[in-house]
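Each chain, letter by letter, is given below.
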Amino acid sequence: MERWLVRLAWAVDALGALVPVGVLCAVTRQPQPWLTAVLAGLSWLAVGMTKNRYTREELSNGNTVLPVVRDWLTMLGVLAVICVGVRIDVDLGICVLALLPCLGLSMVRRRLVHRYLLAMRRRAQALRRVLVVGEAGAVDVVLAELAHRTDHEYVVVGSCLVGEEATDSALPVPARLACDGEAPEGAPDGEIVLRCAAQLDADLVFVAPGRQLSAARVRRLAWALHDGGRNLAILPGLIDVSQHRVRLAEAAGLTVMHIDPAGQRGLPVLLKQVTDRLGALLLLVLLSPVFAAVAAAIRLTTAGPVFYWQIRIGRDLMPFRMWKFRTMVVAADRMRGALEPANENDGAMFKIRRDPRVTRVGRVLRRFSLDELPQLFNVLAGHMSLVGPRPPLPEEVERYDGTEIRRLSVKPGLTGLWQVSGRSDLSWDETVALDLSYVDNWSYGRDIGVLVRTVRAVVDGRGAY
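**Overview of the overall build of the protein**
- Helix and strand counts for the protein come out as 17 helices and 11 strands.
- In terms of principal-axis extent, the alpha carbons of the protein reach across some 80 × 75 × 40 Å.
- Counting every position in the protein, which comprises 465 residues, the buried fraction comes to 44%.
- For the protein, long-range pairs separated by at least 24 residues make up 70% of all intrachain contacts whose partners lie at least 6 apart in sequence.
- Split by element, the accessible area of the protein, about 24,600 Å² in all, is 61% carbon and sulfur.
- Across the protein, the centroid of the 56 positively charged side chains sits 9 Å from that of the 47 negatively charged ones.

Now the structure itself:
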């Protein structure tokens, strides 16, 4: 399965560069059009191979925008140098225009392959069988984190524990490693782990370092596994740190892992601010007929104002007035106290699937998130962003702990990971985890991905009530 996906990726990328360049250069009577086309296709493949875009890990990567754009810009430079070297005097503007299709095609290809692999994994296919090596506590943490998500390729089939401590998992433990680095029967670590991997048919070994797994011991284990034809991955103990924040360096023989902070300044932040303001302004203009239709529907079916506002808490605990289309009866706020026992959310938020305060028109508006549209004015005013965590109520913030309060270190959003991942169907812990993931791993490309996925989530309507 993996090989044909790699070949398909090669073919799509090569043809996506070769055909448009050849056709456009031939139509515009550029010199040696098909040689230029072949060089373009080879340059595109060479850049992809150099940056390991056709590995199993990259094929599984759902990040489709920034990596492809960076590769495309690199390819333009490579192709320009090659054309100068072989003395092909092709028009630069024509060549760039001809190479635009391969940029979009590669993004689509990466996205489709990613979605295909996700579907395969949900059917328990295209998975890698993993053996986890480490102390019992560390192994339990690894298993718990992997169990939270189903969009990865790893299925743990067993563990090889260090020491005699019991694990909470029911997975098989074919053997154990001694705390002093040598098993009771005198067999080295590598031999024991290889035997366990063969017994469980595991093709990948995860090592969770701890007090009993020193650097020298892990090094010897790596030698044995690689000599035995097994792959090894080291788990550094980090949770929810996006790959783009990690940089590896070497110092005096040590591998140093740098964790960059989430972007808070520079060009990506400026792009986000510009996108927020221009995007909100454009949407307000385009959706003005929708605003008029919704306002008329509310006015004609219920008594009371069209708009409703609440005080919400924004970035750095700053309160602001958030606007919505009114979806409840006028006295809804005063009725909340009596409905508290019916709260279906397990955390600080208040949610009822069949809230009796919601009007008939309000249910339709909530189903398609139309009630949120006036928050575009909040985005335009700078209180909110198009993408970010949901803005909480003051009484909800009063119940936050030190972890949950970190949600408020960025501007709240009109949409976010919560909306494209289930909305009100999510538990409180899942909501907080998604918001913290956004805060810690923010990138402009990730924002664009959330905006695209929001359209599908709104049409789907799941979790909207």
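There's more to say after this.
**Brief notes about unusual backbone geometry**
- Positioned with a positive phi, Arg29 is a non-glycine residue whose angle comes to about 60°.
- You can see Arg29 is positioned in the loop between helix 1 (2–27) and helix 2 (33–50).
- The backbone of Asn52 shows a phi angle near 60°, a positive value even though the residue is not glycine.
- One can find Asn52 in the loop between helix 2 and helix 3 (56–59).
- Using a relative accessible area of 47% as the deciding quantity, one classes Asn52 as partly exposed.

**So, the sheet that holds strand 4 (residues 204–208)**
- Taken together, the five strands give an open sheet; going across it, the order is 3-2-1-4-5, and neighbouring strands pair in parallel fashion. Across the chains shown, the open sheet's two edge strands, defined by having one partner strand only, are strand 3 (176–177) and strand 5 (231–234).
- Two strands pair when backbone bridges link them, and strand 1 (residues 128–134) and strand 2 (residues 154–162) are joined in this way by seven bridges, in the parallel orientation. Bridge assignment links Gly134 to a residue of strand 2, and that residue is Leu161.
- Sheet strands in contact with helix 8 (residues 215–227) are strand 1, strand 2, strand 3, strand 4 and strand 5, and its direction is about 155° off that of strand 5.

**Describing the pairing of strand 8 (residues 307–313)**
- With seven bridges joining them, strand 8 and strand 9 (residues 319–325) adopt antiparallel strand pairing. Within the sheet, the bridge partner assigned to Tyr308 lies in strand 9 and is Lys324.
- Counting the residues between successive antiparallel strands, the hairpin from strand 8 to strand 9 contains five residues, one of them, Asp316, with a positive phi of roughly 55°.

**Notes on the environment of Leu451**
- Examined against the element boundaries, Leu451 turns out to sit in helix 17 (residues 444–460).
- Looking at Leu451, the relative accessible area reads 28%, which means it is partly exposed.
- The spacing of Leu451 and Val387 is 64 residues in sequence and 7.3 Å in space, taken between C-alpha atoms.
- When sequence neighbours within four positions are dropped, the list of residues in contact with Leu451 reads Leu386, Val387 and Thr415.

**Side note on the side chain of Thr359**
- Locating Thr359 in the fold gives a position in the loop between helix 11 (332–339) and helix 12 (360–367).
- Excluding residues within four positions of it along the chain, Thr359 makes contact with Thr302, Thr327, Met328 and Val329.

**So, a nonpolar patch on the surface**
- A cluster of nonpolar side chains, Leu15, Val19, Val23, Val27 and Trp34, forms an exposed patch at the surface whose accessible area comes to about 480 Å².
- The element that contributes the greatest number of residues to the nonpolar patch is helix 1, accounting for four residues.

**Considerations on the pairing of strand 5**
- By the bridge criterion, four bridges tie strand 4 to strand 5 in an arrangement that is parallel. Among the inter-strand pairings, Leu204 is bridged to a residue of strand 5, identified as Asn231.
- A crossover links strand 4 with its parallel partner strand 5, the connecting element being helix 8, and its sense is right-handed.

**Structural notes on the packing of helix 9 (residues 267–286) against helix 10 (residues 288–301)**
- Contact pair helix 9 / helix 10: the axes reach a minimum separation of 4 Å and the direction vectors enclose 60°. Relative to helix 10, helix 9 is oriented oblique. Each of Leu284, Val285 and Leu286 in helix 9 lies in contact with helix 10, whose residues at this interface are Ser288, Pro289 and Phe291.
- Tallied by class, the residues present in the contact of helix 9 with helix 10 amount to five nonpolar, one polar and no charged.

**With respect to the pattern of salt bridges**
- Taken as a whole, this structure holds 12 salt bridges when the rule is applied.
- Across the pair Arg109 and Asp13 runs a salt bridge, and its minimum N-O distance is 2.8 Å. Linking Arg109 in helix 5 (residues 92–122) with Asp13 in helix 1, this pair joins segments that are 96 residues apart in sequence. Across the pair, Asp13 and Arg109 agree in class, each one buried.
- One salt bridge connects Asp316 with Arg315, and the closest N-O pair in it is separated by 4.0 Å.
- On the basis of relative accessibility, which here comes to 41%, the residue Arg315 falls in the partly exposed class.

**Examining the side chain of Asp435**
- Relative to the assigned elements, Asp435 resides in helix 16 (residues 428–440).
- A relative accessible area of 2% places Asp435 in the buried class.
- Here Asp435 is in contact with Pro389, Arg390, Arg407 and Trp418, once residues within four sequence places are set aside.

**Digging into the packing of aromatic side chains**
- A full pass over the atoms with the stated rule returns six aromatic pairs.
- Both rings, one in Tyr154 and one in Phe206, keep their centres 5.0 Å apart while their planes meet at 65°; by these two values the pair is edge-to-face. With Tyr154 in strand 2 and Phe206 in strand 4, this pair connects stretches of sequence that are 52 residues apart.
- Residue classification places Phe206 among the buried positions, given a relative accessible area of 4%.
- Taken together, the ring pairs in this structure connect Phe291, Phe307, Phe325 and Phe377 into an aromatic cluster.

Reading the values: rules and limits
Residues numbered from 1 in each chain as written. Predicted model: local features only at pLDDT ≥ 70, side-chain atom pairs only at ≥ 80, totals over all residues. Heavy atoms only, no water. Helix = DSSP H or I, 4+ residues; strand = E, 2+ residues; numbered from the N terminus. Buried < 20%, exposed > 50% of the residue type's maximum accessible area, 1.4 Å probe, protein only. Contact = heavy atoms within 4.5 Å. Areas by Shrake-Rupley, 256 points an atom, 1.4 Å probe, with all protein chains shown as cover. Lys, Arg positive; Asp, Glu negative; His and termini not counted. Charge placed at Lys NZ, Arg CZ, Asp CG, Glu CD. Pairing = 2+ DSSP bridges. Axes fitted to C-alpha atoms, helices over the stretch in contact; angles between N-to-C directions. Patch = residues over 30% accessible without salt bridge, like charges linked within 9 Å, V, L, I, M, F, W, Y side chains within 5 Å. Salt bridge = Lys/Arg side-chain N within 4 Å of Asp/Glu carboxyl O. Right-handed = clockwise from strand over helix to strand, strands pointing away. Parallel < 35°, antiparallel > 145°, perpendicular 65-115°, else oblique. Nonpolar A, V, L, I, M, F, W, Y, C, P; charged D, E, K, R; others polar. Phe/Tyr/Trp six-rings, centres within 6.5 Å; stacked < 30°, edge-to-face > 60°.

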